Amino acid sequence: MSWLAWRQSRAQTTIALAAVLAVSAAAFASGRADATIRLWLSVLAVVVPGLLGMFWGAPLVAGELESGSFRLAWTQDISRVRWLGWRLAVTGLAAMAAAGLSSWLVTWWAGPLDRAGLDQFGSFDSRDIVPVGYAAFAFALGVLLGALLRRTVPAMAATLVVFTAARLAFRLLARPALLPRVSLVLPLNPSATGYGSSGFLPLAPSPSLQPAAPDLPNAWVTSIAIVNAKGDALTSGELASTCPDIGHGGGGGIVNPLANGSSHVPASPGVANTMHDCVTRIAAAYHEVVTYQPASRYWPLQSEELGVFLAAALLLAAACAWRVRRIG
Amino acid sequence: MDNAIEANALGKRYRRRWALADCTLTVPAGQVVGLVGPNGAGKTTLLELAVGLLRPTTGTITIRQRAGFVAQGAPVYADLSVADHLRMGQGLSAHWDASLAWRRVHEAGLDPRQRAGRLSGGQRAQLALTLAVARRPELLVLDEPAANLDPLARRDFLDSVTRAVAASGENMTTVFSSHLVADLERTCGYLILLAGGQVRLAGPVDTLLAHHRARSLDDLVVSCLREAAR
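Residues numbered from 1 in each chain as written. Chains lettered and ligands numbered in written order. Predicted model: local features only at pLDDT ≥ 70, side-chain atom pairs only at ≥ 80, totals over all residues.

Student: Honestly, the overall build of chain B in this entry has me stumped. Any pointers?
Tutor: For chain B, the helix and strand inventory stands at 8 helices and 9 strands. A compact globule built from 230 residues should have a C-alpha radius of gyration of about 17 Å, and chain B, at 17 Å, falls within 12% of that. Seen through its C-alpha atoms, chain B measures out along the principal axes to roughly 55 × 35 × 35 Å. Per-residue burial over chain B gives 46% buried out of 230 residues. Partitioning the contacts of chain B with sequence separation of at least 6, the portion at a separation of at least 24 is 72%. (Helix = DSSP H or I, 4+ residues; strand = E, 2+ residues; numbered from the N terminus. Rg over C-alpha atoms; globule rule 2.2 N^0.38 Å. Buried ≥ 20, exposed ≤ 12 C-beta atoms within 10 Å, placed from the backbone. Contact = placed C-beta atoms within 7 Å.)

Student: It is not clear to me how the confidence of the model for chain B should be interpreted in this structure. Could you clarify?
Tutor: Low-confidence regions, as indicated by low pLDDT, have predicted coordinates that should not be scrutinised in detail. Looking at chain B, the pLDDT average stands at 91 and 100% of residues meet or exceed 70. Reported confidence for the predicted complex is 0.93 by ipTM and 0.89 by pTM. (pLDDT = per-residue confidence, 0-100.)

Student: Looking at this structure, how should I read the interface of chain A and chain B?
Tutor: Often the size quoted for an interface is simply the accessible area lost on bringing the parts together. Taken together, the contact between chain A and chain B spans 16 residues of the former and 20 residues of the latter. Elements represented by at least two residues in the side of chain A that touches chain B include exactly α1 (2-30) and α3 (70-73) of chain A. Looking at the side of chain A that touches chain B element by element, the count peaks at 4 residues for α1(A). Its residues placed into classes, the side of chain A that touches chain B shows 7 nonpolar, 6 polar and 3 charged. (Nonpolar A, V, L, I, M, F, W, Y, C, P; charged D, E, K, R; others polar.)

Student: Can you walk me through the packing of α1(A) against helix α2 (residues 35-67) of chain A in this structure?
Tutor: For any two helices packed against each other, the geometry is given by the interaxial angle and the distance between the axes. Residues and elements named next belong to chain A. At a minimum axis distance of 12 Å, the contact between α1 and α2 shows a crossing angle of 175°. With respect to α2, the axis of α1 lies roughly antiparallel. Counted together, Gln12, Val23, Ala27 and Ser30 of α1 and Ile37, Leu41, Leu44 and Trp56 of α2 form the full contact between these two elements. (Axes fitted to C-alpha atoms, helices over the stretch in contact; angles between N-to-C directions. Parallel < 35°, antiparallel > 145°, perpendicular 65-115°, else oblique.)

Student: Explain helix α6 (residues 152-174) of chain A to me, please; I cannot follow it from the model alone.
Tutor: In an α-helix, one full turn covers 3.6 residues, which means residues spaced three or four apart are oriented alike. All names here are of chain A. Between its first and last C-alpha, α6 extends 31 Å over 23 residues, near the 33 Å set by a 1.5 Å rise per residue. The complete set of buried residues in α6 reads Thr152, Ala155, Met156, Thr159, Leu160 and Phe163. Looking at the buried positions of α6, the neighbouring elements they touch are α2 and α5 (130-149). (Expected span 1.5 Å × (residues − 1).)

Student: Teacher, can you tell me more about the domain arrangement of chain A here?
Tutor: Under the domain assignment, chain A is made up of domain 1 (2-180 + 296-326) and domain 2 (182-293). One C-alpha centre belongs to domain 1 of chain A, the other to domain 2 of chain A; they are set 41 Å apart. (Domains from an automatic or database assignment.)

Student: Looking at this structure, I do not really get the sheet that holds strand β6 (residues 139-142) of chain B. What am I missing?
Tutor: Working definition: the strands of a sheet are paired by backbone hydrogen bonds and lie parallel or antiparallel to each other. All names here are of chain B. Across the sheet, which stays open at both edges, the 6 strands sit in the order β5-β6-β7-β3-β8-β9 with mixed pairing between neighbours. In this open sheet, the two strands that pair with only one neighbour each are β5 (67-70) and β9 (198-204). Adjacent strand axes in the sheet meet at a mean angle of 15°, parallel and antiparallel pairs treated alike. Inspection of the sheet shows β6 paired to strand β7 (residues 173-178) by 4 bridges, in the parallel sense. Bridge pairing in β7 links Leu140 to Thr174. (Pairing = 2+ DSSP bridges.)

Student: Would you take a moment to explain the environment of Ala26(A) for this structure?
Tutor: All names here are of chain A. When you line up the elements, Ala26 lands in helix α1. Judged by the 12 C-beta atoms lying within 10 Å of it, Ala26 falls in the exposed class. Through-space distance from the C-alpha of Ala26 to that of Ile37 is 9.8 Å; in sequence the pair is 11 residues apart.

Student: Hey, could you run me through the packing of helix α4 (residues 80-117) of chain A against α5(A) in this one?
Tutor: All names here are of chain A. Closest axis-to-axis distance for the α4/α5 pair is 8 Å, and the angle between their directions is 145°. Where α4 crosses over α5, the handedness of that crossing is right-handed. Each of Leu88, Gly92, Ala95, Met96, Ala98, Ala99, Gly100 and Ser103 in α4 lies in contact with α5, whose residues at this interface are Pro131, Val132, Tyr134, Ala135, Ala136, Phe139, Ala140 and Val143. Residues belonging to the contact of α4 with α5 are distributed by class as follows: 13 nonpolar, 3 polar and no charged. (Left-handed = near helix turned anticlockwise from the far one by under 90°.)

Student: Can you help me understand the nonpolar core in this one?
Tutor: Note that soluble globular proteins tend to have their nonpolar side chains buried in a common cluster. Of all hydrophobic cores here, the largest spans 124 residues; its most connected members are Leu52(A), Ala135(A), Ala140(A), Cys320(A) and Val141(B). Counting residues per element, this core draws most heavily on α5(A), at 14 residues. The contacts of Cys320(A), once residues within four sequence positions are left out, are Leu84(A), Leu88(A), Ala140(A), Val143(A), Leu144(A) and Ala147(A). Judged by nonpolar contacts, the second largest core, of 9 residues, contains Leu209(A), Ile226(A), Met275(A) and Ile282(A). (Core = buried A, V, L, I, M, F, W, Y, C linked by C-beta atoms within 7 Å.)

Here is the structure:
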């Protein structure tokens, strides 16, 4: 069975290897001067696990069910679960190796740029070891959805949707709390606090005070809050009553960025003074709390997240075995 | 003598429809058994229950022996070559007969390097039969093996089955299904007639013909199906 499992994944493994080699050759040939190549390589490392789930995972059982070849494979002297175990192991390890290799190449190629950028968590998803966990998870998910839906194309679409949702949910909800966060309490700095809101337009929160991010190189700042001694956050009502003038009278604007290379003009002295006075009044009762994962947490977080996704992949593989036993 | 297949109150339901209902049946070992019935009678369901591809909704089915199975349409792996299939059979079978497999491949005129997806229907059926026979099965199950073959390939294939049966001696029980009585007439000593998910007739051909005073197998099957339709 080991031979059959390898024989059935040989062609796709060869194609993946050739693709990785072609991309790395192109990246090396173009050198590190072009920042868009770094972006594209990061995007590639992010999408590779999903593609492996769609194109290697989803057809693994669904393809056999569609073509009818399961009637050949499952009537030999080997149980369905052992058959599945071999196929999951061989193709799954190939998928993890493909993701690991592409991630290693991207990590190595972008290493000097990443180190200069001092934002290691900005490229967390596309560097080092986590892509291996994503690939194992996406692959097992694809196999399971293929065994459940019994058709390759719907299973591929479902794999893409579910994998993307799982990754986003983990990224937004689980990863920040995977290890206990560190808090940093700072006084509000009237010279470095702005006013506005950030976010996509329909979802943008109402404007509030925006303290400057503290200088924590390579750390991952997960939240910046303005709270009082009791721990209550600054409300917009409180802000409006303390600083009735804020938000009126205009601020800085964008000028033609091609004209002099700068994209901003400073706010007028009057507006800046109003802002300064406001933050000084607020700072009498409120301070700034920054929660973050320190730079030293990068590798613990990488291995924790890898472990979580590998464990989830094993659970999905067990579900595949349960499902395949019950087909028919 | 042992029975090759024993089914007891066997039933299989797909969603609402019963493909097979309350089927009690014994197939004696060493026979060549023809399973006939119109399309949708439950032939495939019965055979796939026998080889373990389907699980019964009710009742039980046991086969006492190792089975070789050729499924309807003779599915193979399109990307794998003929030689790859033999290697696969060797890896997945406990009693693989490699020399028999290669001899059959050469007799059928198959190119070992040919991808199975490029084989003609008749060649694919021959490959599937080779994979089943080289397992040295004690029970050979063929599901409509000749259904989609042209007349020449069909005759060649049925001759291959006859030769395989003859070569295996008394040790192998063969069950093959067809909706054409003519396919079975020359080879089968035992007949099972399925219609509407139920067994209408089962027994040695000679006994059945004598008992029902029928002139031919064809007449017997047709009269039984008429009765079942009423």
